[in-house]
Every structure is written in structure tokens, then in C-alpha cells.
Amino acid sequence: MEEFSFSTRIFFGEGALERLRRVQDKKVMIVTDRFMAGIGVPDKVAGYLTQCQVSVYEGVVPDPPIEVVAAGVQALQDCGAEVMIAVGGGSTIDAAKAIRAVAKETLHIDTDRWECFAVPTTSGTGSEVTDYAVITDRVKGIKYPLDSQALRPPVAILDPELTVSAPASVTADAGMDVLTHALEAYVSKGANDFSDALCEKAVSLVFRFLPLAFQDGTNLLAREKMHNASCMAGLAFNSAGLGLNHGMAHAIGAKLHIAHGRINAMLLSHIITFNADLGRIRDGEYALAAKKYQRMAKVLDLPAPGVRLGVTNLLREVEGLNRTLRIPASLKEWGAEPSKVKELCGEIVSAALADATTATNPRPAAAEHVEALLKKVIGG
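Residues numbered from 1 in each chain as written. Predicted model: local features only at pLDDT ≥ 70, side-chain atom pairs only at ≥ 80, totals over all residues. Heavy atoms only, no water.

Caption draft 1: Helix α10 (residues 288-299), seen in detail. For α10, built from 12 residues, the straight-helix expectation of 16 Å at 1.5 Å per residue is met to within 8% by its first-to-last C-alpha distance of 17 Å. Taken together, the buried positions of α10 are occupied by A289, A290, K292, Y293, Q294, M296 and A297. Packed against the buried residues of α10 are α5 (168-187), α6 (193-215), α9 (260-276) and α11 (307-324). D301 sits one or two residues past α10 and shows a positive phi near 60°. (Helix = DSSP H or I, 4+ residues; strand = E, 2+ residues; numbered from the N terminus. Expected span 1.5 Å × (residues − 1). Buried < 20%, exposed > 50% of the residue type's maximum accessible area, 1.4 Å probe, protein only. Contact = heavy atoms within 4.5 Å.)

Below, the structure written as C-alpha cells:
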């Protein structure tokens, strides 16, 4: 027996922030980062609240460490919040989810009864609808994916106007995170009919609208469609799981501090090739992952009369999209020193294999596989 469910209420489209007007006479803590605070986004959000006492915690940083969560819990206690609103990218929403969970355990606050809102300002992580949060241990250089239904936000607000401020490079990185989520969930061991439907729609939206959002950040239609695609992909992988692409991205990102979506994009074609395993045919059949990649190629109206051609054309589309978005083809091109990355190889391989997302990869990966993939993405 399988299950597909989601409890988050989703408000989307232009004007979605109007949902916040229902929050009245409450003590509210807005969780955000300094950039968002600097451009006035928390103030804009607070303007929709009705007669509320608002405090802003702007201490979130990319790849939020444990210390940020602890400071957020203290800020929550200091302001006596009854409502939490996370406003920002995936790091902000992840941090807010962790703050809420830790506050419940350490301060004995029944945060399950709170009104809690996730308001993404980038279209990438899907964190507004998932049970996951990624927190970093900076001392050990490890990213920890937390997984609990208690982390799932009760309400998500997808207002495309909040994404207009995202620079083109951030739009590209976040959008490729969406594509990676959808393609990984599509071939994951936990994939099902419901998650597949969401993946297919998300992938088709990304290929159509991500280049438009990248080229013109004020294109609200493209922004809205990417916001929806991100949320759909989040719902999909929350049910189906992810794979080795994310396992390696977490491991590499923790060591090199490269943007999560960017390293996902750099790995993606290599992981598709690995999972498709076109050189190996059993009983006259290609691997299920290869056949599903062929099906995705058909969703994108790419020539795919056979499995091999379908996979090949899907790979070409992914690589072409990376070039359009000016994503580096390798870590060397990104600016990393290959010799230094190779020195970290053992640690990266171990972390990738231990990462929770790797467990649902369709093709089992051993250390030698991860090492070979790492060498490919290093380049040079």
C-alpha cells in the first residue's frame, strides 16, 4: 500500500499575499535574511497583517548553520510570537522550519497549533510544502537533511511579485534546482502515479518558462509558472524522494560553498547518464529509469521513438538549458581548483553515500561510482 498526501494549503498567483490579511491582533515573527530586509520585503509582508505586533528576525544566511537556528529560537522566545512567517529563499524557509521544530522541543511551545506561513521569494527548493530542511554543521562541513512531517508548513503563499527581485543568476540556479527535483523524483525508487504527474508538469513548465524568467525577471507570467513548478516538484519529491544528484550536491556544496541549484545543474546530465545505464540491457530491456527518461522526452515533444534516442535528446535539452542559463559545465570552470577538490574526494564520496536522499536513487551507487561522477564534474 502506498500513500500520497499533503496538508499544506497553497495560495498562488498574483495577489496571493492578500491571504495574510486574515492574521489579526497577533504577535508575529517574520524570519528572513538581511538582503530581503534591506530591500523592504518583510515590511511589505507586514503591511498585509491587521493590527499585529511584528518582530523581524533577519539572521538567516545561505546554508543555515545550527547557530542560526538557535538564535532564531531565542528571538522567538524574546518576542513571544504566536505566528511565524518565513519570507525568503529555501535557506530562510528551512531555517524557519527548524526554528519552529526546535522551539517546540526546547521551549515546550505547541507550535503545531500556530499559524505558520512559508512565503518563498525564489522558485527553487519547494521547501514551502515539504517535510525537509537542510541545516549545516560548519565545523564538520556537513549538510544534514532533516526529515519530519512536523516540519511541513501549514500554509504556503506563492506570490510571483516577490520573485521579481531575484537576480538572473539566482533565478537560473533556483530553476535548475526545480528541474533536478522533478527529474530525480520521476525516476526515484519511491515514484508513483501521483508524483509522476507532478514531475511531468513541473519539467514542462521549467523548460518553457525558466529561460523567459532568466531573460526578463519582470515577466510575471514566467515568474508565476516557475513558482508553481517549484511547488509541484516539492510535492513530488516529498512523496517520492530524490536521489544521488542531491546526495552529491549536498556533499560538494558543504565543502565548496557553491550554490545548491548550481551544483545540482552541473551534476544533472552526469547523473541522468549514470541512472539510464544505457550500456547495460537485461533480458532485452533497458533500466526502468532509462524508459522513464524516454517518457519525459516525449512529454517535452522531443524525438524519442526508442529509449536510447529519448535519453540522448533529454540529455541534450538539459545541457542546452544549462548553456542558456550560463551555468558552468564543471567545477573547474566555476573556479574551483581541481587538485583541491580531489583532495576532498574521500570526504565528499562518504558524505554523498551517507546522505538520506541517495537512498532512493534508482541505480545503487558504490563509492567508485560516486568518485567517477565527481571526477567528471570536476573537469579538466
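Next comes the rest of the account.
Caption draft 2: Geometry of unusual backbone geometry. Positive phi, normally seen in glycine, also occurs at D25, with a value near 50°. With respect to the element layout, D25 can be found in the loop between β1 (9-12) and β2 (27-33). Not every positive phi belongs to a glycine, and Q51 is a case in point at roughly 50°. Along the chain, the position of Q51 falls in the loop between α2 (41-46) and β3 (53-60).

Caption draft 3: Molecular detail of the sheet that holds strand β8 (residues 155-158). Spatial strand order, β1-β8-β5-β4-β2-β3: six strands in an open sheet with parallel pairing. At either margin of the open sheet sits one strand with a lone partner, and together these are β1 and β3. Along the sheet, successive strands turn relative to each other by an average axial angle of 20°, direction set aside. Pairing analysis gives six bridges linking strand β4 (residues 83-88) to strand β5 (residues 115-120), with the strands arranged parallel. When the bridges of β5 are listed, I85 appears paired with F117. Strands β2, β3, β4 and β5 of the sheet are contacted by helix α4 (residues 90-106), whose axis makes an angle of about 160° with β4. (Pairing = 2+ DSSP bridges. Axes fitted to C-alpha atoms, helices over the stretch in contact; angles between N-to-C directions.)

Caption draft 4: Examining the packing of aromatic side chains more closely. Evaluation of the coordinates by the stated rule reveals three aromatic pairs. An angle of 80° between the planes, with centres 6.3 Å apart, marks the rings of F4 and F6 as edge-to-face. Given a relative accessible area of 25%, F4 falls into the partly exposed group. Here F6 falls in the partly exposed class, since its relative accessible area comes to 42%. (Phe/Tyr/Trp six-rings, centres within 6.5 Å; stacked < 30°, edge-to-face > 60°.)

Caption draft 5: Structural detail: helix α3 (residues 66-79). Its 14 residues give α3 an end-to-end C-alpha distance of 20 Å, which sits within 8% of 20 Å, the value for a rise of 1.5 Å per residue. Looking at α3, one finds that the buried residues are V68, V69, G72, V73, L76 and C79. Projected down its long axis, α3 carries its buried residues within an arc of 140°, all on one side. Counted as exposed and oriented over 90 degrees from the buried face of α3: E67 and D78. Residues of α3 that are buried in the fold lie against β2, β3, β4, α4 and β6 (132-137). In the segment just after α3, G80 is the residue with positive phi, at about 65°. (Arc of directions from axis to C-beta.)

Caption draft 6: Up close: the packing of α5 against α10. Look at α5 against α10: their axes get within 9 Å of each other, and the N-to-C directions meet at 130°. Taken together, α5 and α10 sit at an angle that is classed as oblique. Classified by chirality, the crossing of α10 by α5 is right-handed. Contact residues: α5 offers L183, Y186 and V187, while α10 offers A289, K292, Y293, R295 and M296. Looking at side-chain class alone, the contact of α5 with α10 contains six nonpolar, no polar and two charged residues. (Parallel < 35°, antiparallel > 145°, perpendicular 65-115°, else oblique. Left-handed = near helix turned anticlockwise from the far one by under 90°. Nonpolar A, V, L, I, M, F, W, Y, C, P; charged D, E, K, R; others polar.)

Caption draft 7: Layout of the nonpolar core. Counting residues in each nonpolar core, the largest one holds 78 residues, and the members touching the most others are L179, M248, I252, I263, V311, L331 and L374. At 11 residues, α6 tops the list of elements feeding residues into this core. By size, the runner-up hydrophobic cluster in this structure holds 22 residues, among which are I93, A95, A103 and I135. (Core = buried A, V, L, I, M, F, W, Y, C linked by side-chain atoms within 4.5 Å.)

Caption draft 8: Summary view of the packing of helix α8 (residues 244-256) against helix α15 (residues 367-378). Interaxial distance between α8 and α15 falls to 12 Å at its minimum, and their mutual angle equals 65°. With respect to α15, the element α8 is oriented roughly perpendicular. Of the two possible hands of crossing, α8 and α15 adopt the one that is right-handed. In contact with L244, M248 and I252 of α8, α15 contributes V370, L373, L374 and V377. Looking at the contact of α8 with α15, its residues break down into seven nonpolar, no polar and no charged.

Caption draft 9: Broad picture of the side chain of H250. Its place among the elements puts H250 in helix α8. Of the residues examined, H250 reaches a relative accessible area of 6% and is grouped as buried. Here H250 is in contact with V134, K143, P145, H260, D355 and T357, once residues within four sequence places are set aside.

Caption draft 10: Focus on the pattern of salt bridges. What the rule picks out here adds up to 12 salt bridges. Among the ionic pairs, E161 bridges to K44, the shortest N-O distance being 3.7 Å. Of this pair, E161 sits in the loop between β8 and α5 while K44 sits in helix α2, and the two are 117 residues apart along the sequence. Using a relative accessible area of 34% as the deciding quantity, one classes K44 as partly exposed. (Salt bridge = Lys/Arg side-chain N within 4 Å of Asp/Glu carboxyl O.)

Caption draft 11: Region of the structure containing the side chain of H260. Tracing the sequence through the fold places H260 in helix α9. Of note is the side chain of H260, whose polar atom sits 3.0 Å from the side chain of N264. In this view, H260 contacts D177, H246, A249 and H250; residues no more than four positions away in its chain are not counted. (Polar contact = N/O pair within 3.5 Å; in protein donor to acceptor, adjacent residues only side chain to side chain.)

Function-wise, these values are silent; they only describe arrangement.
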